[in-house]
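Tertiary structure, described
One letter stands for each residue in the lines below.
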Amino acid sequence: MNRMVPVNTENEIFPHYHDTPVGRLLKYHNLAYPFDEYEKAQLLIGMCMDNRHQLKIPNNFAYILRTGGGNLRPAEFKISYAVSVGQVSHIALIGHSNCGMVNLYSRREQFINGLVTNAGWDRDYAEEHFNNFAPIFEIGNEIDFLLCETRRIRQRYPKITVAPLYYRIEDNRLYQLDETNTNL
Ligand SMILES: [Zn+2]
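Residues numbered from 1 in each chain as written. Predicted model: local features only at pLDDT ≥ 70, side-chain atom pairs only at ≥ 80, totals over all residues. Heavy atoms only, no water.

1. Concerning the overall build of the chain
Across its full length, the chain holds five helices and six strands. For the chain, the succession of helices and strands along the chain, N to C, is β-α-β-β-α-β-α-α-α-β-β. Along the first, second and third principal axes, the C-alpha set of the chain runs to 55 × 40 × 30 Å. Taking all 184 residues of the chain together, 46% fall into the buried category. Working note: accessible area of the chain is about 10,200 Å², and carbon and sulfur atoms make up 49% of it. Of the side-chain charges in the chain, 19 are positive and 21 negative, and the distance between the mean point of each set is 3 Å. (Helix = DSSP H or I, 4+ residues; strand = E, 2+ residues; numbered from the N terminus. Buried < 20%, exposed > 50% of the residue type's maximum accessible area, 1.4 Å probe, protein only. Areas by Shrake-Rupley, 256 points an atom, 1.4 Å probe, with all protein chains shown as cover. Lys, Arg positive; Asp, Glu negative; His and termini not counted. Charge placed at Lys NZ, Arg CZ, Asp CG, Glu CD.)

2. Details of the coordination of the zinc ion
Within the first shell, the zinc ion binds the protein through Cys48 (SG), His96 (NE2) and Cys99 (SG), at distances of 2.0 to 2.2 Å. In the primary sequence, the donor residues of the zinc ion line up as C-x47-H-x2-C. Of this pair, Cys48 sits in strand 2 (residues 43-48) while Cys99 sits in the loop between strand 4 (90-96) and helix 3 (108-119); the two residues are 51 residues apart in sequence, bridging distant segments of the chain. With a relative accessible area of 4%, Cys48 lands in the buried category. (Donors = N, O, S within 2.8 Å, 3.2 Å for Na, K, Ca; no water.)

3. Re the pattern of salt bridges
Overall, the coordinates contain ten salt bridges when judged by the stated rule. The partner of Arg152 in a salt bridge is Glu149, with the nearest N and O atoms 2.9 Å apart. With Arg152 and Glu149 both in helix 5 (residues 142-156) and three residues apart, the pair spans about one turn of that helix. Classification of Arg152 as partly exposed rests on a relative accessible area of 22%. (Salt bridge = Lys/Arg side-chain N within 4 Å of Asp/Glu carboxyl O.)

Remember, this is a structural readout, not a statement about activity or role.
Now the structure itself:
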């Protein structure tokens with residue numbers, strides 16, 4: 001089932017994102033809307049640290065938290081900061097295609113060897129590090145994880161609008177996630 005909905009015109013933006021910072025994010029990035037000037041952040045964006053994707057957005061528009069897989073579990077205090085002190089009322093969670101945090105276990109040897117060779121770690125310590133943290137950062141499937149994380153953050157911050165979006169590395173565009181018929 002294809003749950004990704006493209007945004008190639010303003011009319012394709014989901015009605016509930018119209019006139020919200022999420023709608024503006026889609027317009028800036030996908031539709032090349034001219035940048036507005038902002039004095040304070042309108043939005044918190046959670047996305048993966050992956051170097052292959054970069055958002056086209058104005059200065060000051062958003063707080064951005066980048067983590068492996070866009071997994072915000074280790075970044076919750078920073079979400080709380082953006083919501084309380086930064087007063088943002090919208091969060092965009094952006095998953096992406098071809099994420100390195102999917103099937104992390106297939107890269108176990110590469111990860112451990114890389115720490116030994118590139119960082120100078122002892123092998124035992126590198127193995128322990130992988131074994132301790134891989135279960136926390138493995139995300140399984142990008143879209144299922146994204147929807148799961150969306151639900152989790154909605155429960156944690158019930159007055160905040162949380163929008164799941166998807167960045168396709170192949171065309172550098174953002175897609176909306178259709179959440180109807182998901183069991184999450
Ligand atoms: Zn990623």
